[in-house]
Amino acid sequence: HGGTVVSATGSQLLDVLIEDETIVAVLQPGSTALGADLAAAADTVIDATAKYVIPGGVDGHTHMQLPFGGTEASDTFETGTRAAAWGGTTTIVDFAVQKPGQRVQDTLAQWHDKATGQCAIDYGFHQIIGDVNDESLKGMSELVGEGVTSFKLFMAYPGVFYSDDGQILRAMQSAGELGALMMMHAENGIAIDVLVEQALARGDTSPYFHGTSRPWQMEEEATHRAIMLAQLTGAPLYVVHVSAKQAMQQIVTARDNGQNVFAETCPQYLYLSLEEQLGAPGFEGAKWVCSTPLRSRAEGHQDELWRFIRTGDVTAVSTDHCPFCMKDQKELGVGDFSKIPNGIGGVEHRMDLLFQGVKDGRISLERWVEVCCTTPARMFGMYPRKGVISPGADADVVIYDPNGHTSIGLGKTHHMNMDHSAWEGFEIDGHVDTVLSRGRVIVDDGAYHGRAGHGRFIRRGLSQNLV
Ligand code: URP
Ligand code: ZN
Ligand code: ZN
């Protein structure tokens, strides 16, 4: 009651009536449609005066307990979804992983086992296809029927998740027939592996050289190749974690040609840079080792990505939350950056970090909600159940205080299962005050009221964002 409801299309002083798990009405303040005004008619009233009332965040790219880099991502579905809730995210879409020799149906079942009964917030799955073969391609249509409507392939990581161009072509043909979304990790992994080997042979072993051995040309080239293969096959393409402005330019051209190509970026590519990684003392730069890598600020990638969010060419901002501790995890790569597990933890900070973009005049309030909540819900077939404050939608609601403050880092707001923060020292001119997940208050006034197992699996439909 009393807050400003912000949607992708506008902001208005409105009251929101919730019954059980669902939003049942959005009312003008003082409306007596319920027989009395809302404050008198409701059992419970949450005061949102001078605050924003937004749909809960939808993070379309997380990796809870991902087996990767000789270890496993340090947030479980329980700890990771709890941290997400603290940060105003009420839905995640995580990735089930198929490795060579496995059936996608079996790997999806394994990921259901990991998540069931553990999550604080609702969740869905994408399926990583690590072994493109007849069986996997048949499995794709079965998964679509089970609400897993998007598939990720890797042009990077030879020997791990990598698919060659023929395999990508085949998977895209299947995705095209199904109308399912093909997600792509677009980096030329074969060439990168040569650059990595050469860097190590030169003695360039520190974390910074992770970035320099994955130059933007490798991302632009792979992005272009993915776009052409998608064009040929009719598969809708969603390029994940775009960090290079040149890769964006490829996506912009494809979009201008009317192709169903979408770009996702992440807060790390908007705020952090290769130069800062170079300046980090000792092995500390390992906290920023992720792929695609951080890019040079001198080259202007960060500013360009903000601009592409404004123009609509970046469709969604996700975290690619893939946390590893320094101890025993990132430290596997002391003396050899190629052994540092790739990934940054950030599921807790996305809503805040992007709100700072509003405060800094980089994006509008409505665009904040659009790229963090509404479009991800549409992109991944969950709208209007998720991503909007509207009658019939799940009552996933965040009350955000634009006059509050958030200090990010260990011992501050950090709830992720990590022994460091890639975001240490960031100060945000805003604050997540209250979070509701399907009508239940799970975070309020600095206290956590959620529980493992409240979150439910969401059977997603096909993307609602295609032209
Ligand atoms: O460095 C990253 N991005 N780790 C997570 C796996 C992936 O490629 O998304
Ligand atoms: Zn990736
Ligand atoms: Zn990822």
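Residues numbered from 1 in each chain as written. Chains lettered and ligands numbered in written order. Predicted model: local features only at pLDDT ≥ 70, side-chain atom pairs only at ≥ 80, totals over all residues.

An unreviewed UniProt entry lists the chain under the name Dihydropyrimidinase, with Nocardia alba given as the organism. The record in UniProt for the chain states the following under Cofactor (unreviewed entry): "Zn(2+)". The record held by UniProt for the chain lists under Sequence similarities (unreviewed entry) the comment "Belongs to the metallo-dependent hydrolases superfamily. Hydantoinase/dihydropyrimidinase family." (UniProt positions renumbered as here; feature names shortened; annotations may be inferred.)

Some details on the sheet that holds strand S1 (residues 4-6)
Strand order in the open sheet formed by seven strands is S2-S1-S5-S16-S19-S20-S21, with mixed pairing between adjacent strands. The two strands at the open ends of the sheet, each matched to only one other strand, are strand S2 (11-13) and strand S21 (447-448). Alignment of strand S19 (residues 431-437) against strand S20 (residues 440-444), held across four bridges, turns out to be antiparallel. Across the sheet, Ser 437 pairs through a bridge with Arg 440, a residue of S20. Strands in contact with helix H2 (residues 77-86) are S19, S20 and S21; relative to S20, the strand with the most contacts, it is inclined by about 80°. (Pairing = 2+ DSSP bridges. Helix = DSSP H or I, 4+ residues; strand = E, 2+ residues; numbered from the N terminus. Contact = placed C-beta atoms within 7 Å. Axes fitted to C-alpha atoms, helices over the stretch in contact; angles between N-to-C directions.)

As for the UniProt feature "modified residue: N6-carboxylysine" (unreviewed entry) in the chain
When the UniProt feature table is mapped to this numbering, "modified residue: N6-carboxylysine" (unreviewed entry) covers Lys 152. If you trace the backbone, Lys 152 turns up in strand S11 (residues 150-154). Residue classification places Lys 152 among the buried residues on the basis of 22 C-beta atoms within 10 Å. Among all residues touching Lys 152, those that are not within four sequence positions of it are Phe 95, His 126, Ile 128, Met 183, His 185 and Val 240. (Buried ≥ 20, exposed ≤ 12 C-beta atoms within 10 Å, placed from the backbone.)

Side note on the site of ligand 1
Residues in close proximity to ligand 1 include His 63, His 185, His 241, Cys 290, Ser 291, Asp 320, Cys 322, Asn 342 and Gly 343, which together make up its full environment. Residues that form the shell around ligand 1 fall into these classes: two nonpolar, six polar and one charged. (Near = placed C-beta within 6 Å. Nonpolar A, V, L, I, M, F, W, Y, C, P; charged D, E, K, R; others polar.)

Overview of the UniProt feature "domain: Amidohydrolase-related" (unreviewed entry) in the chain
Feature annotation in UniProt assigns "domain: Amidohydrolase-related" (unreviewed entry) to the following positions: residues 52-441. This span, residues 52-441, is 37% helix and 18% strand, and a straight line between its end C-alpha atoms measures 16 Å.

Side note on the confidence of the model for the chain
When the pLDDT values of the chain are averaged, the result is 97; 100% of them are 70 or greater. Averaged pLDDT values for the elements of the chain fall to 82 in helix H1 (residues 38-41) and rise to 99 in strand S9 (residues 89-97). Among the scores for the predicted complex, ipTM is 0.94 and pTM is 0.98. (pLDDT = per-residue confidence, 0-100.)

Here we look at unusual backbone geometry
Thr 292 follows Ser 291 through a cis peptide bond whose omega is -5°. Locating Thr 292 in the fold gives a position in the loop between helix H11 (274-279) and helix H12 (301-311). Here Tyr 383 and Pro 384 are connected by a cis peptide whose omega angle stands at 0°. With respect to the secondary-structure elements, Pro 384 resides in the loop between helix H14 (365-379) and strand S16 (397-401).

A few points about the environment of Phe 154
Structurally, Phe 154 can be placed in strand S11. Through-space distance from the C-alpha of Phe 154 to that of His 185 is 4.8 Å; in sequence the pair is 31 residues apart.

Comments concerning the nonpolar core
Judged by nonpolar contacts, the single largest core of 139 residues is most densely connected at Val 53, Met 182, Met 184, Ala 226, Leu 237 and Val 239. Ranked by the residues each element gives to this core, the list is headed by H14, at seven residues. Setting aside chain neighbours within four positions, we find Val 53 in contact with Gly 3, Thr 4, Val 5, Val 6, Val 16, Ala 48, Ile 389, Val 397 and Ile 399. (Core = buried A, V, L, I, M, F, W, Y, C linked by C-beta atoms within 7 Å.)

With respect to the sheet that holds S11
Ordered by their spatial adjacency, eight strands build an open sheet running S6-S9-S10-S11-S12-S13-S14-S15, and the pairing between neighbours is parallel. Since the sheet does not close on itself, it has two edges, and those belong to strand S6 (57-62) and strand S15 (314-317), each with one partner. On average, adjacent strands in this sheet sit at an angle of 30° to one another, irrespective of strand direction. Of the pairings in the sheet, the one linking S9 to strand S10 (residues 122-128) comprises seven bridges and is parallel in character. Note that in S10 the partner of Thr 91 across the bridge is Asp 122. Where helix H9 (residues 245-256) meets the sheet, it contacts strand S13 (237-239) and strand S14 (261-265), and its direction lies at approximately 150° from that of S14.

Quick notes on the pairing of S14
Along S14, five of the five residues are buried, which leaves the element largely enclosed by surrounding structure. Along S14, one buried face is formed by Val 261, Ala 263 and Thr 265 and the opposite face, lined by Phe 262 and Glu 264, is buried too. Sheet topology places S13 next to S14; three bridges connect them, and they run parallel. Note that in S14 the partner of Tyr 238 across the bridge is Phe 262. A crossover connection joins S13 to the parallel S14 through H9; in handedness this β-α-β unit is right-handed. For S14 and S15, the ladder comprises three bridges, and the chain directions are parallel. Within S15, the residue paired with Glu 264 across the bridge is Ala 316. (Right-handed = clockwise from strand over helix to strand, strands pointing away.)

Side note on the packing of helix H3 (residues 104-115) against helix H4 (residues 134-145)
Between H3 and H4, whose axes approach to 8 Å, the crossing angle comes to 45°. In terms of their interaxial angle, H3 and H4 are classed as oblique. Along the contact surface, H3 presents Val 104, Gln 105 and Leu 108, while H4 presents Ser 136, Gly 139, Met 140, Glu 142 and Leu 143. Residues that form the contact of H3 with H4 fall into these classes: four nonpolar, three polar and one charged. (Parallel < 35°, antiparallel > 145°, perpendicular 65-115°, else oblique.)

Some details on the packing of helix H8 (residues 216-233) against H9
Running from N to C, H8 and H9 cross one another at 20°; their axes reach a closest spacing of 8 Å. Relative to H9, the element H8 lies roughly parallel. Considering how the two elements wind past one another, H8 and H9 form a crossing that is right-handed. Here H8 contributes Trp 216, Glu 219, Glu 220, Thr 223, His 224 and Ile 227 to the contact with H9, which in turn contributes Gln 246, Ala 247, Gln 250, Ile 251 and Ala 254. Among the residues forming the contact of H8 with H9, the class breakdown is five nonpolar, four polar and two charged. (Left-handed = near helix turned anticlockwise from the far one by under 90°.)

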